[in-house]
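Given next are the chains, with one letter for each unit.
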Amino acid sequence: MNTELIEMWGECVRIIRDNITQEQFDTIFACIKPKSFDNNQLILEVPSKFVCEFIEEHYLDLMRKVITRVYGKNVQLGYIVNSGQNAKNYSDSNSHNHEQPTSDSTNASSKSIAHNPEELDSQLFPRYTFDSFIEGDSNRLVRSVGMSIAENPARTFNPLFIFGPSGCGKTHVLNAIGWAVKEQHPTLRVLYLSAHLFTLQYTNAARENKVNDFINFYQTIDVLLLDDVHELSGKSKTQNAFFHIFNHLRLNNKQIVLTSDRPPIEINDLEERLLTRFKWGLQAEILKPNKTLCRAIINNKVKKESLPIPANVCNYIAEKVNGSVRDIEGVINSLMAYSVVYRCDISMKLADQVLPKFIHIENAPITVDDVKKRICKQFNITEAELTSQSRRQPLAQTRHIAIYLASKLTGLSNSQIGEDMGGRSHATVNNSISVIKNLCETNPSFTKQLNEIEERIVHNL
(Lines give C-alpha, C1' and ligand atoms only; values in the text may rest on other atoms or scores of the structure.)
Protein backbone atom coordinates (compact mmCIF):
# COMPACT_ATOMS: atom_id res chain seq x y z
CA MET A 1 0.00 0.00 0.00
CA ASN A 2 1.19 3.53 -0.85
CA THR A 3 3.15 4.98 2.08
CA GLU A 4 1.85 8.50 1.46
CA LEU A 5 -1.73 7.20 1.42
CA ILE A 6 -1.21 5.52 4.79
CA GLU A 7 0.37 8.62 6.31
CA MET A 8 -2.40 10.94 5.07
CA TRP A 9 -5.14 8.65 6.37
CA GLY A 10 -3.22 8.34 9.63
CA GLU A 11 -3.43 12.13 9.97
CA CYS A 12 -7.20 11.90 9.36
CA VAL A 13 -7.46 9.22 12.04
CA ARG A 14 -5.62 11.41 14.56
CA ILE A 15 -8.00 14.32 13.94
CA ILE A 16 -11.09 12.10 14.08
CA ARG A 17 -9.91 10.51 17.33
CA ASP A 18 -9.53 13.98 18.89
CA ASN A 19 -13.14 14.87 18.05
CA ILE A 20 -15.05 11.79 19.22
CA THR A 21 -15.01 9.43 22.20
CA GLN A 22 -12.78 6.37 22.28
CA GLU A 23 -15.86 4.13 22.23
CA GLN A 24 -17.19 5.86 19.10
CA PHE A 25 -13.80 5.54 17.42
CA ASP A 26 -13.44 1.85 18.29
CA THR A 27 -16.99 1.12 17.13
CA ILE A 28 -16.86 2.75 13.69
CA PHE A 29 -13.48 4.14 12.62
CA ALA A 30 -10.92 1.66 13.94
CA CYS A 31 -11.86 -0.89 11.27
CA ILE A 32 -11.59 1.52 8.28
CA LYS A 33 -8.61 1.35 5.91
CA PRO A 34 -7.60 3.67 3.05
CA LYS A 35 -7.82 1.91 -0.32
CA SER A 36 -6.78 4.56 -2.84
CA PHE A 37 -6.56 8.27 -3.57
CA ASP A 38 -6.64 9.07 -7.29
CA ASN A 39 -8.16 11.87 -9.36
CA ASN A 40 -9.21 13.72 -6.22
CA GLN A 41 -11.23 10.75 -4.97
CA LEU A 42 -10.55 9.00 -1.68
CA ILE A 43 -11.73 5.37 -1.45
CA LEU A 44 -12.04 3.81 2.02
CA GLU A 45 -12.39 0.10 2.76
CA VAL A 46 -15.07 -0.65 5.38
CA PRO A 47 -16.07 -4.05 6.82
CA SER A 48 -19.82 -3.71 6.13
CA LYS A 49 -22.45 -1.57 4.46
CA PHE A 50 -23.70 -0.75 7.97
CA VAL A 51 -20.45 1.08 8.79
CA CYS A 52 -20.65 3.04 5.54
CA GLU A 53 -24.25 4.14 6.13
CA PHE A 54 -23.58 4.94 9.80
CA ILE A 55 -20.79 7.30 8.76
CA GLU A 56 -23.00 8.96 6.12
CA GLU A 57 -25.80 9.48 8.64
CA HIS A 58 -23.89 10.48 11.77
CA TYR A 59 -20.33 11.56 10.91
CA LEU A 60 -20.47 13.04 7.42
CA ASP A 61 -19.86 16.63 8.58
CA LEU A 62 -16.82 15.53 10.58
CA MET A 63 -15.49 13.49 7.64
CA ARG A 64 -16.00 16.44 5.27
CA LYS A 65 -13.97 18.77 7.50
CA VAL A 66 -11.20 16.25 8.21
CA ILE A 67 -10.75 15.16 4.58
CA THR A 68 -10.79 18.76 3.33
CA ARG A 69 -8.10 19.64 5.88
CA VAL A 70 -5.83 16.70 5.00
CA TYR A 71 -6.51 16.07 1.30
CA GLY A 72 -7.71 19.49 0.13
CA LYS A 73 -10.96 20.89 -1.24
CA ASN A 74 -13.49 19.17 -3.53
CA VAL A 75 -12.42 15.65 -2.61
CA GLN A 76 -14.96 12.94 -3.44
CA LEU A 77 -15.46 10.16 -0.89
CA GLY A 78 -16.25 6.56 -1.81
CA TYR A 79 -16.28 3.21 -0.03
CA ILE A 80 -15.45 -0.38 -0.80
CA VAL A 81 -17.39 -2.78 1.39
CA ASN A 82 -15.35 -5.86 2.17
CA SER A 83 -17.36 -8.47 4.06
CA GLY A 84 -14.41 -10.85 4.16
CA GLN A 85 -15.43 -12.51 0.91
CA ASN A 86 -16.08 -10.38 -2.16
CA ALA A 87 -15.46 -6.67 -1.93
CA LYS A 88 -18.27 -4.42 -3.15
CA ASN A 89 -17.84 -0.82 -4.20
CA TYR A 90 -20.19 1.58 -2.46
CA SER A 91 -19.98 5.31 -2.88
CA ASP A 92 -22.61 6.94 -0.70
CA SER A 93 -26.10 6.46 0.70
CA ASN A 94 -27.80 7.48 -2.51
CA SER A 95 -25.71 5.72 -5.15
CA HIS A 96 -25.39 2.24 -6.66
CA ASN A 97 -22.56 -0.24 -6.77
CA HIS A 98 -20.15 -0.05 -9.75
CA GLU A 99 -17.30 -2.21 -10.97
CA GLN A 100 -14.81 0.55 -10.30
CA PRO A 101 -15.57 3.66 -8.22
CA THR A 102 -15.42 6.85 -10.27
CA SER A 103 -15.92 10.51 -9.53
CA ASP A 104 -19.50 10.21 -10.84
CA SER A 105 -20.36 7.56 -8.30
CA THR A 106 -20.37 10.00 -5.41
CA ASN A 107 -22.19 12.87 -7.09
CA ALA A 108 -25.70 11.50 -6.49
CA SER A 109 -25.86 12.42 -2.81
CA SER A 110 -26.95 15.92 -1.86
CA LYS A 111 -24.63 15.60 1.13
CA SER A 112 -21.45 14.59 -0.73
CA ILE A 113 -18.21 16.29 0.22
CA ALA A 114 -17.96 18.26 -3.04
CA HIS A 115 -20.79 20.81 -3.16
CA ASN A 116 -21.77 23.40 -5.74
CA PRO A 117 -22.76 26.55 -3.79
CA GLU A 118 -24.89 27.79 -6.70
CA GLU A 119 -27.27 24.86 -6.38
CA LEU A 120 -29.85 24.48 -3.63
CA ASP A 121 -28.99 21.71 -1.20
CA SER A 122 -32.39 20.19 -0.46
CA GLN A 123 -31.05 18.81 2.86
CA LEU A 124 -32.90 15.53 2.29
CA PHE A 125 -31.80 12.35 4.06
CA PRO A 126 -30.67 9.90 1.33
CA ARG A 127 -32.15 6.79 2.93
CA TYR A 128 -35.63 8.19 3.50
CA THR A 129 -37.44 7.38 0.25
CA PHE A 130 -40.80 5.81 -0.60
CA ASP A 131 -38.96 2.61 -1.58
CA SER A 132 -37.74 2.20 2.00
CA PHE A 133 -41.04 3.34 3.56
CA ILE A 134 -42.92 0.16 4.49
CA GLU A 135 -46.69 0.54 4.19
CA GLY A 136 -49.15 -0.58 6.86
CA ASP A 137 -52.57 0.33 8.22
CA SER A 138 -51.05 3.06 10.40
CA ASN A 139 -49.43 5.00 7.55
CA ARG A 140 -51.32 4.04 4.37
CA LEU A 141 -53.19 7.36 4.04
CA VAL A 142 -50.09 9.48 4.57
CA ARG A 143 -48.05 7.45 2.08
CA SER A 144 -50.77 7.59 -0.57
CA VAL A 145 -51.29 11.33 -0.18
CA GLY A 146 -47.54 11.95 -0.16
CA MET A 147 -47.08 10.11 -3.46
CA SER A 148 -49.99 12.03 -4.96
CA ILE A 149 -48.37 15.33 -3.96
CA ALA A 150 -45.04 14.25 -5.47
CA GLU A 151 -46.75 13.62 -8.82
CA ASN A 152 -48.59 16.97 -8.84
CA PRO A 153 -47.14 19.44 -6.32
CA ALA A 154 -49.59 22.14 -5.13
CA ARG A 155 -52.45 20.64 -7.15
CA THR A 156 -53.91 18.13 -4.72
CA PHE A 157 -53.48 18.77 -1.00
CA ASN A 158 -51.86 22.07 -0.10
CA PRO A 159 -50.85 22.41 2.61
CA LEU A 160 -50.52 18.84 3.81
CA PHE A 161 -50.31 18.66 7.60
CA ILE A 162 -49.03 15.30 8.89
CA PHE A 163 -49.30 14.65 12.62
CA GLY A 164 -48.56 11.72 14.90
CA PRO A 165 -46.41 10.57 17.84
CA SER A 166 -42.63 10.57 17.83
CA GLY A 167 -40.94 7.70 15.99
CA CYS A 168 -43.81 6.76 13.67
CA GLY A 169 -42.20 7.86 10.37
CA LYS A 170 -43.17 11.52 9.85
CA THR A 171 -39.63 12.62 8.97
CA HIS A 172 -39.24 9.63 6.65
CA VAL A 173 -42.37 10.38 4.63
CA LEU A 174 -41.52 14.09 4.51
CA ASN A 175 -38.13 13.30 2.96
CA ALA A 176 -39.68 10.66 0.69
CA ILE A 177 -41.99 13.32 -0.75
CA GLY A 178 -38.96 15.53 -1.37
CA TRP A 179 -37.01 12.82 -3.20
CA ALA A 180 -40.04 11.84 -5.28
CA VAL A 181 -40.62 15.47 -6.29
CA LYS A 182 -36.97 15.89 -7.30
CA GLU A 183 -37.14 12.70 -9.37
CA GLN A 184 -40.37 13.60 -11.18
CA HIS A 185 -39.84 17.39 -11.32
CA PRO A 186 -36.06 17.95 -11.33
CA THR A 187 -36.32 21.71 -12.00
CA LEU A 188 -38.28 22.43 -8.80
CA ARG A 189 -36.51 23.85 -5.76
CA VAL A 190 -37.15 21.47 -2.85
CA LEU A 191 -36.07 22.19 0.72
CA TYR A 192 -36.40 20.10 3.89
CA LEU A 193 -35.62 21.46 7.35
CA SER A 194 -36.84 21.35 10.93
CA ALA A 195 -38.80 24.15 12.56
CA HIS A 196 -35.97 24.39 15.08
CA LEU A 197 -33.43 25.14 12.34
CA PHE A 198 -35.86 27.58 10.72
CA THR A 199 -36.08 29.42 14.04
CA LEU A 200 -32.30 29.57 14.41
CA GLN A 201 -31.94 30.90 10.87
CA TYR A 202 -34.55 33.58 11.52
CA THR A 203 -32.87 34.61 14.79
CA ASN A 204 -29.51 34.99 13.03
CA ALA A 205 -31.13 36.97 10.20
CA ALA A 206 -32.83 39.30 12.68
CA ARG A 207 -29.54 39.83 14.54
CA GLU A 208 -27.81 40.78 11.28
CA ASN A 209 -30.74 42.89 9.98
CA LYS A 210 -31.28 40.46 7.08
CA VAL A 211 -34.88 39.40 7.72
CA ASN A 212 -35.97 40.53 4.25
CA ASP A 213 -33.23 38.43 2.65
CA PHE A 214 -34.29 35.50 4.82
CA ILE A 215 -37.93 35.76 3.75
CA ASN A 216 -36.99 36.37 0.10
CA PHE A 217 -34.94 33.18 0.03
CA TYR A 218 -37.80 31.04 1.34
CA GLN A 219 -40.19 32.61 -1.13
CA THR A 220 -38.09 31.09 -3.95
CA ILE A 221 -38.80 27.53 -2.74
CA ASP A 222 -41.19 25.40 -4.82
CA VAL A 223 -41.70 22.62 -2.26
CA LEU A 224 -41.16 23.47 1.41
CA LEU A 225 -40.98 20.51 3.80
CA LEU A 226 -41.01 21.74 7.42
CA ASP A 227 -40.59 19.17 10.19
CA ASP A 228 -41.85 19.51 13.80
CA VAL A 229 -43.78 22.73 13.17
CA HIS A 230 -45.08 22.63 16.78
CA GLU A 231 -41.65 23.99 17.77
CA LEU A 232 -42.77 27.40 16.44
CA SER A 233 -45.05 27.54 19.48
CA GLY A 234 -44.59 30.74 21.48
CA LYS A 235 -42.11 32.27 19.01
CA SER A 236 -44.21 35.19 17.77
CA LYS A 237 -41.58 36.87 15.57
CA THR A 238 -40.61 33.60 13.90
CA GLN A 239 -44.30 32.83 13.38
CA ASN A 240 -44.77 36.24 11.76
CA ALA A 241 -41.92 35.56 9.31
CA PHE A 242 -43.29 32.11 8.52
CA PHE A 243 -46.77 33.59 8.00
CA HIS A 244 -45.49 35.81 5.20
CA ILE A 245 -43.52 32.92 3.65
CA PHE A 246 -46.53 30.60 3.90
CA ASN A 247 -48.85 33.15 2.28
CA HIS A 248 -46.48 33.82 -0.60
CA LEU A 249 -45.90 30.14 -1.34
CA ARG A 250 -49.58 29.24 -1.09
CA LEU A 251 -50.72 32.14 -3.31
CA ASN A 252 -48.09 31.25 -5.91
CA ASN A 253 -49.08 27.57 -6.02
CA LYS A 254 -46.01 26.28 -4.21
CA GLN A 255 -46.33 23.08 -2.19
CA ILE A 256 -46.11 23.14 1.61
CA VAL A 257 -45.88 19.99 3.75
CA LEU A 258 -45.73 20.26 7.55
CA THR A 259 -45.35 17.71 10.33
CA SER A 260 -46.12 17.90 14.03
CA ASP A 261 -46.55 15.61 17.00
CA ARG A 262 -50.13 16.86 17.38
CA PRO A 263 -52.95 18.26 15.22
CA PRO A 264 -52.95 22.04 14.59
CA ILE A 265 -55.76 22.76 17.03
CA GLU A 266 -53.69 21.27 19.90
CA ILE A 267 -50.58 23.39 19.28
CA ASN A 268 -50.42 25.97 22.07
CA ASP A 269 -49.28 29.58 21.58
CA LEU A 270 -49.82 29.48 17.84
CA GLU A 271 -51.20 32.58 16.14
CA GLU A 272 -54.78 32.16 14.94
CA ARG A 273 -53.91 33.25 11.42
CA LEU A 274 -51.31 30.46 11.18
CA LEU A 275 -53.66 27.94 12.76
CA THR A 276 -56.34 28.61 10.15
CA ARG A 277 -53.80 28.22 7.35
CA PHE A 278 -52.48 24.95 8.74
CA LYS A 279 -56.06 23.64 8.50
CA TRP A 280 -56.60 24.79 4.90
CA GLY A 281 -55.51 21.59 3.21
CA LEU A 282 -55.50 18.02 4.48
CA GLN A 283 -54.70 16.93 8.03
CA ALA A 284 -53.42 13.36 7.86
CA GLU A 285 -52.67 11.33 10.97
CA ILE A 286 -49.90 8.75 11.07
CA LEU A 287 -49.99 6.25 13.92
CA LYS A 288 -47.34 4.17 15.60
CA PRO A 289 -46.75 0.93 13.67
CA ASN A 290 -48.27 -2.19 15.19
CA LYS A 291 -46.19 -5.31 15.82
CA THR A 292 -46.95 -6.70 12.35
CA LEU A 293 -45.66 -3.55 10.65
CA CYS A 294 -42.66 -3.37 13.01
CA ARG A 295 -41.78 -6.91 12.03
CA ALA A 296 -42.12 -6.04 8.33
CA ILE A 297 -39.90 -2.96 8.77
CA ILE A 298 -37.23 -5.00 10.54
CA ASN A 299 -37.33 -7.86 8.06
CA ASN A 300 -37.11 -5.46 5.13
CA LYS A 301 -34.08 -3.71 6.61
CA VAL A 302 -32.36 -7.01 7.41
CA LYS A 303 -33.00 -8.37 3.91
CA LYS A 304 -32.13 -5.16 2.05
CA GLU A 305 -28.88 -4.58 3.92
CA SER A 306 -27.99 -8.29 4.34
CA LEU A 307 -27.70 -7.90 8.11
CA PRO A 308 -26.78 -11.06 10.04
CA ILE A 309 -29.72 -10.85 12.47
CA PRO A 310 -31.56 -14.14 13.18
CA ALA A 311 -35.35 -14.35 12.78
CA ASN A 312 -35.96 -14.91 16.49
CA VAL A 313 -34.05 -11.71 17.33
CA CYS A 314 -36.05 -9.80 14.70
CA ASN A 315 -39.31 -11.04 16.22
CA TYR A 316 -38.09 -10.12 19.71
CA ILE A 317 -37.28 -6.56 18.65
CA ALA A 318 -40.69 -6.21 16.98
CA GLU A 319 -42.42 -7.34 20.16
CA LYS A 320 -40.53 -4.96 22.43
CA VAL A 321 -39.95 -1.68 20.57
CA ASN A 322 -43.40 -0.26 21.44
CA GLY A 323 -44.15 0.86 17.90
CA SER A 324 -41.25 3.25 17.34
CA VAL A 325 -39.37 3.16 14.03
CA ARG A 326 -36.65 5.30 15.62
CA ASP A 327 -36.18 2.72 18.38
CA ILE A 328 -35.98 -0.04 15.75
CA GLU A 329 -33.19 1.84 13.94
CA GLY A 330 -31.33 2.46 17.20
CA VAL A 331 -31.55 -1.14 18.37
CA ILE A 332 -30.41 -2.58 15.02
CA ASN A 333 -27.53 -0.10 14.71
CA SER A 334 -26.38 -0.95 18.23
CA LEU A 335 -26.61 -4.69 17.63
CA MET A 336 -24.48 -4.30 14.50
CA ALA A 337 -21.98 -2.09 16.32
CA TYR A 338 -21.62 -4.53 19.23
CA SER A 339 -21.24 -7.39 16.76
CA VAL A 340 -18.46 -5.58 14.86
CA VAL A 341 -16.54 -4.38 17.93
CA TYR A 342 -16.74 -7.56 19.97
CA ARG A 343 -16.61 -9.90 16.94
CA CYS A 344 -19.60 -11.90 18.08
CA ASP A 345 -22.77 -13.20 16.44
CA ILE A 346 -26.04 -11.38 17.05
CA SER A 347 -28.13 -13.49 19.41
CA MET A 348 -30.97 -13.24 21.91
CA LYS A 349 -28.39 -12.82 24.65
CA LEU A 350 -26.91 -9.78 22.89
CA ALA A 351 -30.41 -8.40 22.23
CA ASP A 352 -31.18 -8.68 25.95
CA GLN A 353 -28.12 -6.53 26.66
CA VAL A 354 -28.87 -3.88 24.02
CA LEU A 355 -32.65 -3.37 24.17
CA PRO A 356 -32.85 -1.99 27.74
CA LYS A 357 -30.54 0.85 26.65
CA PHE A 358 -33.28 2.07 24.28
CA ILE A 359 -36.60 1.04 25.75
CA HIS A 360 -38.05 0.26 29.15
CA ILE A 361 -38.89 -3.43 29.22
CA GLU A 362 -41.32 -4.62 31.83
CA ASN A 363 -41.39 -8.39 31.90
CA ALA A 364 -44.44 -9.72 33.71
CA PRO A 365 -43.78 -12.75 35.96
CA ILE A 366 -43.96 -16.04 34.07
CA THR A 367 -46.85 -18.24 35.17
CA VAL A 368 -47.59 -21.94 34.82
CA ASP A 369 -50.29 -20.96 32.32
CA ASP A 370 -47.64 -19.23 30.19
CA VAL A 371 -45.61 -22.42 30.15
CA LYS A 372 -48.61 -24.60 29.35
CA LYS A 373 -49.71 -22.37 26.45
CA ARG A 374 -46.24 -22.41 24.88
CA ILE A 375 -45.88 -26.19 25.30
CA CYS A 376 -49.30 -26.82 23.77
CA LYS A 377 -48.46 -24.58 20.83
CA GLN A 378 -45.01 -26.11 20.40
CA PHE A 379 -46.23 -29.72 20.36
CA ASN A 380 -49.68 -29.10 18.88
CA ILE A 381 -51.68 -30.55 21.75
CA THR A 382 -54.55 -29.27 23.88
CA GLU A 383 -54.26 -28.17 27.48
CA ALA A 384 -56.64 -30.96 28.43
CA GLU A 385 -54.26 -33.51 26.91
CA LEU A 386 -51.27 -31.92 28.64
CA THR A 387 -52.83 -32.08 32.11
CA SER A 388 -54.55 -35.46 31.61
CA GLN A 389 -53.56 -38.68 33.37
CA SER A 390 -52.47 -40.34 30.12
CA ARG A 391 -48.98 -41.91 30.23
CA ARG A 392 -48.62 -42.65 26.52
CA GLN A 393 -45.61 -41.30 24.67
CA PRO A 394 -44.72 -38.72 23.53
CA LEU A 395 -47.42 -37.00 25.62
CA ALA A 396 -45.81 -38.08 28.91
CA GLN A 397 -42.43 -36.60 27.94
CA THR A 398 -44.11 -33.37 26.80
CA ARG A 399 -45.73 -33.15 30.24
CA HIS A 400 -42.30 -33.70 31.87
CA ILE A 401 -40.93 -30.78 29.84
CA ALA A 402 -43.79 -28.50 30.92
CA ILE A 403 -43.32 -29.36 34.58
CA TYR A 404 -39.53 -28.92 34.36
CA LEU A 405 -39.82 -25.46 32.72
CA ALA A 406 -42.56 -24.38 35.12
CA SER A 407 -40.27 -25.26 38.01
CA LYS A 408 -37.32 -23.43 36.47
CA LEU A 409 -39.13 -20.27 35.34
CA THR A 410 -41.95 -19.55 37.78
CA GLY A 411 -40.28 -19.91 41.17
CA LEU A 412 -43.32 -21.78 42.50
CA SER A 413 -43.13 -24.78 44.83
CA ASN A 414 -43.46 -28.28 43.43
CA SER A 415 -46.81 -28.64 45.16
CA GLN A 416 -48.18 -25.50 43.50
CA ILE A 417 -46.89 -26.60 40.08
CA GLY A 418 -48.38 -30.08 40.56
CA GLU A 419 -51.76 -28.54 41.39
CA ASP A 420 -51.69 -26.38 38.23
CA MET A 421 -50.62 -29.35 36.10
CA GLY A 422 -53.72 -31.41 36.71
CA GLY A 423 -53.52 -32.03 40.48
CA ARG A 424 -50.26 -33.97 40.48
CA SER A 425 -48.31 -34.76 43.64
CA HIS A 426 -45.04 -33.27 44.85
CA ALA A 427 -43.31 -36.59 44.10
CA THR A 428 -44.64 -36.67 40.52
CA VAL A 429 -43.29 -33.19 39.87
CA ASN A 430 -39.91 -34.21 41.31
CA ASN A 431 -39.82 -37.25 39.03
CA SER A 432 -40.59 -35.16 35.92
CA ILE A 433 -37.77 -32.73 36.77
CA SER A 434 -35.32 -35.62 37.23
CA VAL A 435 -36.33 -37.17 33.88
CA ILE A 436 -35.65 -33.96 31.98
CA LYS A 437 -32.35 -33.31 33.78
CA ASN A 438 -31.13 -36.78 32.84
CA LEU A 439 -32.11 -36.25 29.21
CA CYS A 440 -30.20 -32.96 29.13
CA GLU A 441 -27.06 -34.68 30.38
CA THR A 442 -27.16 -37.36 27.68
CA ASN A 443 -28.90 -35.80 24.67
CA PRO A 444 -27.46 -32.52 23.23
CA SER A 445 -30.16 -32.18 20.54
CA PHE A 446 -32.89 -32.46 23.18
CA THR A 447 -31.10 -29.83 25.29
CA LYS A 448 -31.00 -27.47 22.32
CA GLN A 449 -34.72 -27.91 21.69
CA LEU A 450 -35.48 -27.35 25.37
CA ASN A 451 -33.42 -24.13 25.41
CA GLU A 452 -35.29 -22.84 22.36
CA ILE A 453 -38.65 -23.47 24.04
CA GLU A 454 -37.44 -21.75 27.21
CA GLU A 455 -36.26 -18.76 25.16
CA ARG A 456 -39.69 -18.39 23.55
CA ILE A 457 -41.40 -18.46 26.94
CA VAL A 458 -39.01 -15.94 28.53
CA HIS A 459 -39.25 -13.49 25.62
CA ASN A 460 -42.95 -14.08 24.97
CA LEU A 461 -42.32 -15.07 21.34
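Because the structure is a prediction, the values reported are computed rather than measured. (Residues numbered from 1 in each chain as written. Predicted model: local features only at pLDDT ≥ 70, side-chain atom pairs only at ≥ 80, totals over all residues. Heavy atoms only, no water.)

Enquirer: Would you mind going over the environment of Glu 455 with me for this structure?
Expert: Checked against the element boundaries, Glu 455 lands in helix α20 (residues 444-458). A relative accessible area of 26% places Glu 455 in the partly exposed class. In the structure, Glu 455 is positioned 107 residues away from Met 348 in sequence and 8.3 Å away in space, judged by C-alpha atoms. Residues contacting Glu 455, with those up to four places away along its chain left out, are Asn 312 and Met 348. Of the polar contacts made by the side chain of Glu 455, one reaches the side chain of Asn 312; its length is 2.8 Å. (Helix = DSSP H or I, 4+ residues; strand = E, 2+ residues; numbered from the N terminus. Buried < 20%, exposed > 50% of the residue type's maximum accessible area, 1.4 Å probe, protein only. Contact = heavy atoms within 4.5 Å. Polar contact = N/O pair within 3.5 Å; in protein donor to acceptor, adjacent residues only side chain to side chain.)

Enquirer: Sorry, what's going on with the packing of helix α11 (residues 291-305) against helix α13 (residues 325-342) here?
Expert: Between two packed helices, the angle of one axis relative to the other and the distance separating the axes together describe the packing. Relative orientation of the contacting elements α11 and α13 amounts to 40 degrees, with a least axis distance of 11 Å. Both α11 and α13 take part in a crossing whose hand is right-handed. Where α11 abuts α13, its residues Cys 294, Ile 297, Ile 298 and Lys 301 lie against Val 325, Ile 328, Glu 329 and Ile 332. In terms of residue class, the contact of α11 with α13 is made up of 6 nonpolar, no polar and 2 charged. (Axes fitted to C-alpha atoms, helices over the stretch in contact; angles between N-to-C directions. Left-handed = near helix turned anticlockwise from the far one by under 90°. Nonpolar A, V, L, I, M, F, W, Y, C, P; charged D, E, K, R; others polar.)

Enquirer: Looking at this model, I keep getting lost on the sheet that holds strand β7 (residues 223-227). Mind explaining?
Expert: Strand order across the open sheet formed by 5 strands is β6-β7-β8-β5-β9, with parallel pairing between neighbours. The two strands at the open ends of the sheet, each matched to only one other strand, are β6 (190-194) and β9 (282-285). Across the sheet, the mean angle from the axis of one strand to that of its neighbour is 15 degrees, orientation sign disregarded. Relative to strand β8 (residues 255-260), strand β5 (residues 160-163) runs parallel, the two being bridged by 4 bridges. Paired with Ile 162 across the bridge in β8 is Thr 259. Strands β5, β8 and β9 of the sheet are contacted by helix α5 (residues 140-151), whose axis makes an angle of about 140 degrees with β9. (Pairing = 2+ DSSP bridges.)

Enquirer: Explain the pattern of salt bridges to me, please; I cannot follow it from the model alone.
Expert: Charged atoms that come close allow side chains of opposite charge to pair. Following the criterion strictly, the structure yields 15 salt bridges and no others. A salt bridge links Asp 261 to Arg 262; the shortest N-O distance between them is 2.6 Å. Lys 408 is paired through a salt bridge with Glu 454; the nearest N and O atoms lie 3.0 Å apart. A residue pair is termed long-range when its members are at least 10 positions apart, and Lys 408 in helix α17 (residues 395-410) and Glu 454 in helix α20 qualify at 46 residues. Judged by relative accessible area, which is 15%, Glu 454 ranks as buried. (Salt bridge = Lys/Arg side-chain N within 4 Å of Asp/Glu carboxyl O.)

Enquirer: Would you mind going over the pairing of strand β1 (residues 33-38) with me for this structure?
Expert: For a regular strand, side chains alternate in direction, first toward one face of the sheet and then toward the other. Inspection of the sheet shows β1 paired to strand β2 (residues 41-46) by 5 bridges, in the antiparallel sense. Of the residues in β2, the one forming a bridge with Phe 37 is Leu 42. Where β1 folds back onto β2 in an antiparallel hairpin, the turn is made up of 2 residues, including Asn 39, whose phi is positive at roughly 50 degrees.

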